[in-house]
Amino acid sequence: MKVKLYWLPHCSTCKKAKEFIEKKGFEISEFHDIKANRLSRKEVEKLAELAGGAENLFSRWAIKYREMGLNEREVSSAEMLDLMASEYTFIKRPVLVVDNKATAGFSEKIYNEILQK
């Protein structure tokens, strides 16, 4: 089982997710710092596909979400992908990828489901 974590090393939620994964006895084979190593549009599309759609990967908590007035209108999946590719803060984090499944954000329940041996 290949475990990859897209994260920000100083993010408290990301650190909790890392600790949870390791406490469960899994080794994270790859860490991807989404700020230091930005994702391309193609990489964002692939992650969104694994997570079940752009809306599952898109963060509405980003400061720019309100600054840009995105909270006042409908944002299409294509626009979400563009925003996430251009600004890492629009990616909900952390993103856990296990084999061909992904989840964004941290939930012990969902992590337990994905990390089934």
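Quick note: structure is the one above.
All values reported here derive from a predicted model rather than from experimental measurement.

Reading the values: rules and limits
- Residues numbered from 1 in each chain as written.
- Predicted model: local features only at pLDDT ≥ 70, side-chain atom pairs only at ≥ 80, totals over all residues.
- Heavy atoms only, no water.
- Core = buried A, V, L, I, M, F, W, Y, C linked by side-chain atoms within 4.5 Å.
- Buried < 20%, exposed > 50% of the residue type's maximum accessible area, 1.4 Å probe, protein only.
- Helix = DSSP H or I, 4+ residues; strand = E, 2+ residues; numbered from the N terminus.
- Contact = heavy atoms within 4.5 Å.
- Arc of directions from axis to C-beta.
- Salt bridge = Lys/Arg side-chain N within 4 Å of Asp/Glu carboxyl O.
- Disulfide = S-S within 2.5 Å.

### Some points on the nonpolar core
When a protein is soluble and globular, its nonpolar side chains tend to lie buried together.
Then comes step 1: Formed by 42 residues in total, the largest nonpolar core has its most connected members in Ile21, Leu57, Met84, Val95 and Leu96.
Then comes step 2: When residues of this core are assigned to their parent elements, the largest contribution, five residues, is made by helix 2 (residues 41–51).
Then comes step 3: Ignoring anything within four residues of it in the chain, the contact list for Val95 reads Lys4, Leu5, Tyr6, Leu47, Leu57, Ala102, Thr103 and Ala104.

### Quick notes on helix 2
Then comes step 1: For helix 2, the complete set of buried residues consists of Val44, Leu47, Ala48, Leu50 and Ala51. Looking straight down helix 2, one finds its buried side chains confined to an arc of 160°; they lie on one side. Set apart from the buried face of helix 2 by more than 90 degrees, the exposed residues are Lys42 and Glu49.
Then comes step 2: Taken together, the buried residues of helix 2 touch strand 1 (3–7), helix 3 (54–57), helix 5 (77–86), strand 3 (95–98) and strand 4 (101–104).
Then comes step 3: Gly52, located one to two residues past helix 2, shows a positive phi value of around 95°.

### Quick look at the pattern of salt bridges
Then comes step 1: One pass over the structure, following the stated rule, counts seven salt bridges.
Then comes step 2: Lys109 serves as the salt-bridge partner of Glu113, at 3.8 Å between the closest nitrogen and oxygen. On the criterion of helical spacing, the pair formed by Glu113 and Lys109 is a turn pair, its members being four residues apart in helix 6 (residues 108–114).
Then comes step 3: Take Glu113: its relative accessible area is 45%, and that puts it in the partly exposed class.
Then comes step 4: If you follow the salt bridges from partner to partner, you end up with Arg41, Glu45 and Asp82 in one network.

### Describing the state of the cysteines
Then comes step 1: For the structure shown, the criterion picks out zero disulfides.
Then comes step 2: The thiol sulfur of Cys11 is not disulfide-bonded, and the nearest other cysteine sulfur, from Cys14, lies at 3.2 Å.
Then comes step 3: For Cys11, a relative accessible area of 14% translates into the label buried.
Then comes step 4: The exposure class assigned to Cys14 is buried, which follows from its relative accessible area of 0%.

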